[in-house]
Amino acid sequence: MNLFEFLNDHTYRLVFLGTMIIGLVAGSLGTFAYLRKQSLMSDVISHAALPGILTAFLLGSMLGLGADNMAYLVVGAIVFGTLAARSAHHIAQKSKIRIDTAMAVALTAFFGVGLLLLRHITNGDYAGKGGIQHYLFGNASTMTQNDIVTSAVIGGISLTLMTLFWKEFAARTFDALHATVMGMPIRLIDALMYLTIVSATVIGVKAVGLVLMVAFVVTPPAAARQWTRTLRGTVALSAGFGAVASGLGAYLSITIGNLPTGPVIVLVLSGIFALSLIFAPRRSMLTVAFMRSRARKKLLRELEAGAA
Amino acid sequence: MTFAVGVMLLAAVTAIACALPGVFIVLRKNSMLIDAMSHAVLPGIVVGYFFTNNLRSPLLVLAAALAGLLVVLSSEWLTNTGLIAGDAPQGLVFPALFSIGVILISQNFAGVHLDTHAVLAGDLNIAALAQLTIAGVAIGPQYLYLMLGVCALNTIFLAACGHHLALATFDREFASSIGIRVRTLNLTLMFLVSVTVTAAFAVAGAILVIALVVIPAATALLISSRLPMMFAMTTLVAIGGALGGFWSAYWLNAPTSATMSVFYGLIFAAVFFTVRIRRYSRSRRNSHGPNPSRSHHQPRVARI
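These numbers come from a predicted model, not from an experiment.

## Digging into the overall build of chain A
Helix and strand counts for chain A come out as 15 helices and 0 strands. Along the three orthogonal principal directions, the C-alpha set of chain A runs to about 90 × 55 × 35 Å. Residue pairs in contact within chain A that sit at least 24 positions apart in sequence constitute 74% of those at least 6 positions apart. Averaged over its 24 positive side-chain charges, chain A has a centre that lies 11 Å from the centre of its 12 negative ones.

Pasting the structure below:
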């Protein structure tokens, strides 16, 4: 199937567009998580999204809303994702537990609650409960036009927030002390930044599943960082990597023959990362090895010249 | 042995087997590595199944444990390149391995039948189904004996190397200066954890197994300042959480492993807030007296 036929198919076009939006948003906002060295927080967030989605679903079914409407489910995911990230930070700040352990505790406790709710819903009599299983492993082919609009709107809001508070985000990321001295409201900036990272993480959960979402947030910035030195460049390139890998992954997963979309995208992302790590100019394994051998030779020459 | 008792014992033994090495995992700040490991063993299980055709084979556990070790080694390597920031290395490695596992399962590779839901959540009751029968008498779930074996392995290792591990954990330079092979020790620990995680996979699934490894030790860390105390507390929380979780699940008719991890979470929260409240009331009481810092009166022992 060539690209033209692929894009002419309604379902495929939705998958293609939907995953590209997810990749773009997660790639750009993931950069801040990456530079703050808190990439794995997105894993906590995506797992905590499950109880959030299910609570929203239960509330929604009381009010008579359907499960095909992703919008209010995403709101639940954002609330719980933020809650999980907050509690991990709280535990780490207020006790001798370190942040990695605090994250593991928050992740499993929230996810456990999610599984209990999931069992309650699958055993219960709820309309539209069929689609709810997809949130575990994700299923890109179930994305509807509504879902894509929801991801685009929430992703758009997050990207707008990032642009509006660019200076504050940058200052907070690189030098928190400097940001405080400049009179920036650090707590507010942190809350905003986390809100955008949480939003970027949860909009992808339905399409790629909660386990693999972390790759969408971590891999693009890690790859992009090898090529550029500026924040602007890293964010832009990371967004590009995320979008291109998602589109390409979606295309490959369908044309190769019914492979699950999320995992294929993750493998494409890993490929891009591996290439960046090895070949990127200035900052890559090949460059470092080359510089090192050159410095060694130079030193050797100088020593020989000194001895002579 | 009735079925319920068998399941309960399986829950308790699995909890202890996971929690004991968890002490060092928590102290070494490797908790999120368990998350990475438990996902990475998935392709190992699929490939192991290709060779053994038996999901309970010890060979399969070994193959999967090697996949778990692969995550440890490759994220260590990525960190050492100095090109990747923070905790990202693990996050770069395990999704790729997990993806390979999911793709293999979706393509029905080797005819392995793994319920995708069970991969994440596990199912204690299904794991306990196959009974071990000796001379016509059912003496409990087969899996119970596998986990007992793993538990014994961990206990022996910790009893033999616990002292060196403690030295290597708290003062790596000193440990290596007195001739302890820190890296070998570290890798052995990680390999054992990987074996444990793989063996517990069928019981607890890829995500809940993190709760079994991390939360008892994390809870114990809140209230202990010496290593032996921490081990005792960890075991206590592990057993208490497993039994409490099991019976709550039984009464609520809820999935056992999920209830266990929520129960663990509740124990952690209860201890966390109790410690906070006690510290708060103590600092209020002391705020009128002299300097509330008590560090001068403490005996000079290694503190966690």
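Don't stop here, the text continues.
## Considering the overall build of chain B
From N to C terminus, chain B includes 11 helices and 2 strands. Taken from the N to the C terminus, the helices and strands of chain B come in the order α-α-α-α-α-α-β-β-α-α-α-α-α. With 304 residues in all, chain B has 54% of them scored as buried. Looking at chain B as shown, the accessible area adds up to about 13400 Å², and 65% of this sits on carbon and sulfur atoms.

## Re helix H3 (residues 41–63) of chain A
All names here are of chain A. The terminal C-alpha atoms of H3 lie 32 Å apart, and with 23 residues this matches the ideal 33 Å at 1.5 Å per residue to within 8%. Residue Ala49 marks the point of greatest curvature in H3, where the axis turns by about 25 degrees; the proline Pro51 follows within four residues. Immediately beyond the C-terminal end of H3, within one or two residues, lies Gly64, with a positive phi of roughly 85 degrees.

## Regarding the packing of helix H4 (residues 70–94) of chain A against helix H10 (residues 186–202) of chain A
All names here are of chain A. Contact geometry of H4 with H10 gives a least axis separation of 9 Å together with a crossing angle of 125 degrees. Classified by the angle their axes make, H4 and H10 are oblique. For the pair H4 and H10, the crossing hand works out as right-handed. Taken together, the residues of H10 that come into contact with H4 (itself represented by Val74, Ala77, Ile78, Gly81, Thr82, Ala85 and His89) are Tyr194, Leu195, Val198, Ser199 and Val202. In terms of residue class, the contact of H4 with H10 is built from 8 nonpolar, 4 polar and no charged.

## Some remarks on a positive patch on the surface
Together, A:Arg86, A:Lys94, A:Lys96, A:Arg187, B:Arg276, B:Arg278, B:Arg279, B:Arg282 and B:Arg285 give the surface a local cluster of positive charge. Counting only elements with at least two residues in the positive patch, the list comes to H4 of chain A together with helix H11 (256–286) of chain B. Residue position: B:Arg279 is located in helix H11. A relative accessible area of 48% places B:Arg279 in the partly exposed class.

## Section: the interface of chain B and chain A
The interface is formed by 58 residues belonging to chain B together with 56 residues belonging to chain A. Interface area lost by chain B to chain A is led by B:Met32, B:Leu83 and B:Asp87, which between them contribute 14%. The tally of links between chain B and chain A comes to 0 salt bridges. Where chain B touches chain A, the interface holds 9 residue pairs in polar contact (both at pLDDT 80 or more). Only helix H1 (3–27), helix H2 (31–52), helix H3 (58–81), helix H4 (88–106), helix H5 (116–121), helix H9 (182–223) and H11 of chain B provide two or more residues apiece to the side of chain B that touches chain A. For the side of chain B that touches chain A, the residue count by class is 36 nonpolar, 17 polar and 5 charged.

## Examining the environment of B:Phe109
All names here are of chain B. For Phe109, the position within the fold is in the loop between H4 and H5. Classification of Phe109 as partly exposed rests on a relative accessible area of 29%. In the structure, Phe109 is positioned 63 residues away from Val46 in sequence and 7.7 Å away in space, judged by C-alpha atoms. Setting aside residues up to four positions removed in sequence, Phe109 forms contacts with Val46, Phe50 and Leu104.

## Some points on the pattern of salt bridges
Residues and elements named next belong to chain A. Using the criterion set out here, one finds 4 salt bridges over all chains in the structure. Its salt-bridge partner being Lys206, residue Asp147 comes within 2.7 Å of it at the nearest N-O pair. Of the two residues, Asp147 is situated in helix H7 (residues 145–164) and Lys206 in helix H11 (residues 205–208); the sequence distance between them amounts to 59 residues. Accessibility expressed as a relative area gives 8% for Lys206, which makes it buried. Close ionic contact of Asp190 with Arg172 constitutes a salt bridge, the shortest N to O distance being 2.8 Å. Taken together, the residues span a long stretch of sequence, with Asp190 in helix H10 and Arg172 in helix H8 (residues 166–174) at a distance of 18 residues. Neither Asp190 nor Arg172 differs from the other in exposure class; each is buried.

## A word on the nonpolar core
The biggest cluster of nonpolar side chains holds 204 residues, and the ones touching the most others in it are A:Phe32, A:Phe216, B:Leu10, B:Ile84, B:Met147 and B:Phe268. Among the elements that line this core, the one with the most residues is H9(B), at 27 residues. Discounting chain neighbours no more than four positions away, the residues touching B:Leu10 are B:Leu124, B:Ala127, B:Ala128, B:Tyr143, B:Leu144, B:Met147 and B:Val203.

## Topic: the packing of aromatic side chains
Residues and elements named next belong to chain B. Here the structure, examined in full by the defined rule, presents 11 aromatic pairs over all chains. Here the aromatic rings of Phe24 and Phe231 are separated by 5.9 Å at their centres, their planes lie at 65 degrees, and the arrangement is edge-to-face. Of this pair, Phe24 sits in helix H1 while Phe231 sits in helix H10 (residues 227–252), placing them 207 residues apart in sequence. When the ring of Tyr250 is compared with that of Trp251, the centres are 6.0 Å apart and the planes differ by 90 degrees; the resulting orientation is edge-to-face. Among the residues examined, Tyr250 registers a relative accessible area of 48% and is labelled partly exposed. The rings of Phe246, Trp247, Tyr250 and Trp251 are connected pair by pair, giving a single aromatic cluster.

Calculation notes
Residues numbered from 1 in each chain as written. Chains lettered and ligands numbered in written order. Predicted model: local features only at pLDDT ≥ 70, side-chain atom pairs only at ≥ 80, totals over all residues. Heavy atoms only, no water. Helix = DSSP H or I, 4+ residues; strand = E, 2+ residues; numbered from the N terminus. Contact = heavy atoms within 4.5 Å. Lys, Arg positive; Asp, Glu negative; His and termini not counted. Charge placed at Lys NZ, Arg CZ, Asp CG, Glu CD. Buried < 20%, exposed > 50% of the residue type's maximum accessible area, 1.4 Å probe, protein only. Areas by Shrake-Rupley, 256 points an atom, 1.4 Å probe, with all protein chains shown as cover. Expected span 1.5 Å × (residues − 1). Bend = angle between axes of the 7 residues up to and from the residue. Axes fitted to C-alpha atoms, helices over the stretch in contact; angles between N-to-C directions. Parallel < 35°, antiparallel > 145°, perpendicular 65-115°, else oblique. Left-handed = near helix turned anticlockwise from the far one by under 90°. Nonpolar A, V, L, I, M, F, W, Y, C, P; charged D, E, K, R; others polar. Patch = residues over 30% accessible without salt bridge, like charges linked within 9 Å, V, L, I, M, F, W, Y side chains within 5 Å. Salt bridge = Lys/Arg side-chain N within 4 Å of Asp/Glu carboxyl O. Buried area = accessible area lost by both parts, 1.4 Å probe. Polar contact = N/O pair within 3.5 Å; in protein donor to acceptor, adjacent residues only side chain to side chain. Core = buried A, V, L, I, M, F, W, Y, C linked by side-chain atoms within 4.5 Å. Phe/Tyr/Trp six-rings, centres within 6.5 Å; stacked < 30°, edge-to-face > 60°.

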